[in-house]
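For reference, the chains in residue letters:
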Amino acid sequence: MHVWRKTADPQALQKSVVVRDSFLPFSPPLIGEDEIAEVVDTLRSDWITTGPKVKRFEQSFAETVGAPDALAVSSCTAALHLSLLALGIGSGDAVITTPLTFCSGVHVIEHVGAQPVLADVEAGTLNLDARAIPAAVERAERDLGLRVKAIMPVHLSGHPCDMDPILAIAAERGLAVIEDAAHSLPASYKGKTIGSLSISARVPVLTSFSFYATKNLTTAEGGMLVAPPALLQEARLWSQHGMSRDAWKRYSADGSWFYEVVRPGFKYNMTDIQAALGLHQLKKLPVFHQRRSEIAYRYNDAFGAIEELETPTRRAWAGHAWHLYVLRLNLEQMAISRDQFIAELHSRNIGTSVHFIPIHLHAFYRDKYGYVPEDFPVANHEYRRMVSLPCSPRMQKQDVEDVIDAVTSVVTKFRRPVKARQFVRAAGR
Ligand SMILES: Cc1ncc(COP(=O)(O)O)c(C=O)c1O
């Protein structure tokens, strides 16, 4: 519970603005005594790196998402990289993906020597727009002379992409699908859990999850890959230096010292210390998810009728993980930019974020591929009016109300009179 006080700023005082006493961080982790005890137990055991707890975590995770097996790794970035390696994607190849995502997915495409080819998002969910994929494939193959090998949809905020049309395009063109499910635990598409789509798909589907500190389940850093068995086996090889036996198989009582190196692999393994956290976080996932959903619904109730704000789109078929609550600002109705809006919330002690700066605006990709902001007009436009509000199970009831009060007070303060809105619209601003 937070103590309320009037702000010390005399101007704000005049307007009777109240702010929280303490800063509300955007998304702190929620670690309990169970996790702490399990980590201590691991530290006291003789096995602190990849071993029995990682195995148990992989099995429990696979059961949770309905996948045949899972590979625990050091990050979601590693899982995405391994997906590309397992599929043999490399130089001269292209992967179609979204501009509105975190940089790691496109980075790993670059790492294997392939080219990320971007297709714009749809304005509702902000996810990759399946209707934009055929043109991106054409551009990659005809204009750039590349072989398109895969589509990488990102389930942004935890709202799944519309997978049927994406899978249909993949099947028609013989492409694999590499799902970036960093935000999507637990999420579902038309009743199927994200992580289980490979079972019924006609094309290879590989799915990567993130356990970074802010994620719906955290192991501090970490990730999980689920994929059809042969591809998962290949990814496992790549994840452990390309060695035919992992350390557990070599150093445990029934292990044997001999191994062969069969790939020039990477070191992407998860440790038992991380898995100790993951095992308990996984048990708590339904409770965490319930709390995230409650917060999102409370925000929807509070902001749904405010004209200056747009609440997140949710499709009827979506089981939403609510990793992020992305509010969009109707900027022509306010005398304030998105960045000023964020600063105003910060001055009211509310931490926020923006997910994400589109890939084509980042210096490296802009300069390498000669992008201009309007190349992906939907991503560019939406990015400029997005703000992610705190939405985490660490939040108390009062924290949620503080966010609502702060957002409402900023809107009230900077709302444009109706006449001014018409002028802004006419001037095309
Ligand atoms: C959409 C998306 N993909 C991938 C990642 C990478 O996850 P990790 O930090 O586990 O590598 C993130 C991390 O924030 C993300 O938001």
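Residues numbered from 1 in each chain as written. Predicted model: local features only at pLDDT ≥ 70, side-chain atom pairs only at ≥ 80, totals over all residues. Heavy atoms only, no water.

1. Quick word on the nonpolar core
Part 1: Membership of the largest hydrophobic core comes to 49 residues, with the highest contact counts inside it found for Phe 57, Phe 61, Ile 133, Ile 166, Phe 209 and Phe 211.
Part 2: Elements supplying a minimum of two residues to this core: α3 (52–65), β4 (93–97), α6 (133–143), β6 (147–152), α7 (163–173), β10 (205–210), β11 (223–226) and α11 (272–303).
Part 3: In this view, Phe 211 contacts Phe 57, Phe 61, Leu 185, Leu 217, Thr 218, Thr 219, Ala 220, Glu 221, Gly 222, Gly 223, Met 224 and Met 270; residues no more than four positions away in its chain are not counted.
Part 4: Formed by 29 residues, the second largest nonpolar core is a distinct cluster that contains Cys 76, Ile 89, Ala 150 and Leu 225. (Core = buried A, V, L, I, M, F, W, Y, C linked by side-chain atoms within 4.5 Å. Buried < 20%, exposed > 50% of the residue type's maximum accessible area, 1.4 Å probe, protein only. Helix = DSSP H or I, 4+ residues; strand = E, 2+ residues; numbered from the N terminus. Contact = heavy atoms within 4.5 Å.)

2. Concerning the confidence of the model for the protein
Part 1: With 93% of its residues at a pLDDT of at least 70, the protein reaches an overall mean of 93.
Part 2: Note on residues 1–16: pLDDT under 50 across the span, and 22 contacts to partners over four residues away in sequence or across chains. (pLDDT = per-residue confidence, 0-100.)

3. Considerations on the domain arrangement of the protein
Part 1: One can read the domain layout of the protein as domain 1 (2–20 + 285–427) and domain 2 (33–279).
Part 2: Contacts between the two partners involve 35 residues from domain 1 and, on the opposite side, 41 residues from domain 2.
Part 3: Where domain 1 abuts domain 2, roughly 3100 Å² becomes buried across the two surfaces, and 63% of that area is made up of carbon and sulfur atoms.
Part 4: Contact with domain 2 buries area across many residues of domain 1, yet Trp 317, His 323 and Phe 356 alone supply 23% of it, more than any other trio.
Part 5: Our enumeration of links across domain 1 and domain 2 arrives at two salt bridges.
Part 6: For the salt bridge of Lys 368 with Glu 110, the shortest nitrogen-to-oxygen distance reads 2.7 Å.
Part 7: Across the contact surface, domain 1 and domain 2 share 19 residue pairs in polar contact (both at pLDDT 80 or more). (Domains from an automatic or database assignment. Buried area = accessible area lost by both parts, 1.4 Å probe. Salt bridge = Lys/Arg side-chain N within 4 Å of Asp/Glu carboxyl O. Polar contact = N/O pair within 3.5 Å; in protein donor to acceptor, adjacent residues only side chain to side chain.)

4. Concerning the sheet that holds strand β12 (residues 309–310)
Part 1: Read from one edge of the open sheet, three strands run β12-β14-β15, paired in antiparallel fashion. Unpaired on one side and paired on the other, β12 and β15 (386–389) mark the two borders of the sheet.
Part 2: Sheet topology note: the strand β14 (residues 325–329)/β15 ladder contains four bridges and is antiparallel. Of the residues in β15, the one forming a bridge with Val 326 is Ser 388.
Part 3: Lying on the sheet, α11 is in contact with β12, β14 and β15; it crosses β14 at an angle near 15°.
Part 4: Most of the contacts of helix α12 (residues 338–347) go to β15, to which it runs at about 25°, and overall it touches β14 and β15. (Pairing = 2+ DSSP bridges. Axes fitted to C-alpha atoms, helices over the stretch in contact; angles between N-to-C directions.)

5. Topic: the site of the ligand
Part 1: Every one of the 15 residues lining the ligand counts as a neighbour, but Thr 77, Asp 180, His 183, Ser 210 and Lys 215 are closest to it.
Part 2: Take Cys 76: an N or O atom from its main chain is 2.9 Å from an oxygen atom of the ligand.
Part 3: Between the ligand and the protein, one listed contact pairs an oxygen atom with a side-chain N or O atom of Thr 77 at 2.5 Å.
Part 4: Compared with its free state, where it exposes 390 Å², the ligand has 91% of that area covered by protein.
Part 5: Of the residues that constitute the shell around the ligand, the class distribution is six nonpolar, seven polar and two charged. (Near = heavy atom within 4 Å. Areas by Shrake-Rupley, 256 points an atom, 1.4 Å probe, with all protein chains shown as cover. Nonpolar A, V, L, I, M, F, W, Y, C, P; charged D, E, K, R; others polar.)

6. So, the packing of helix α4 (residues 76–86) against helix α9 (residues 229–239)
Part 1: Viewed as axis vectors pointing N to C, α4 and α9 meet at an angle of 115°, and their least axial separation amounts to 9 Å. By crossing handedness, the relation of α4 to α9 is classed as right-handed. Where α4 approaches α9, its residues Leu 82, Leu 85 and Ala 86 are matched on the opposing element by Leu 231, Glu 234, Ala 235, Trp 238 and Ser 239.
Part 2: Looking at the contact of α4 with α9, its residues break down into six nonpolar, one polar and one charged. (Left-handed = near helix turned anticlockwise from the far one by under 90°.)

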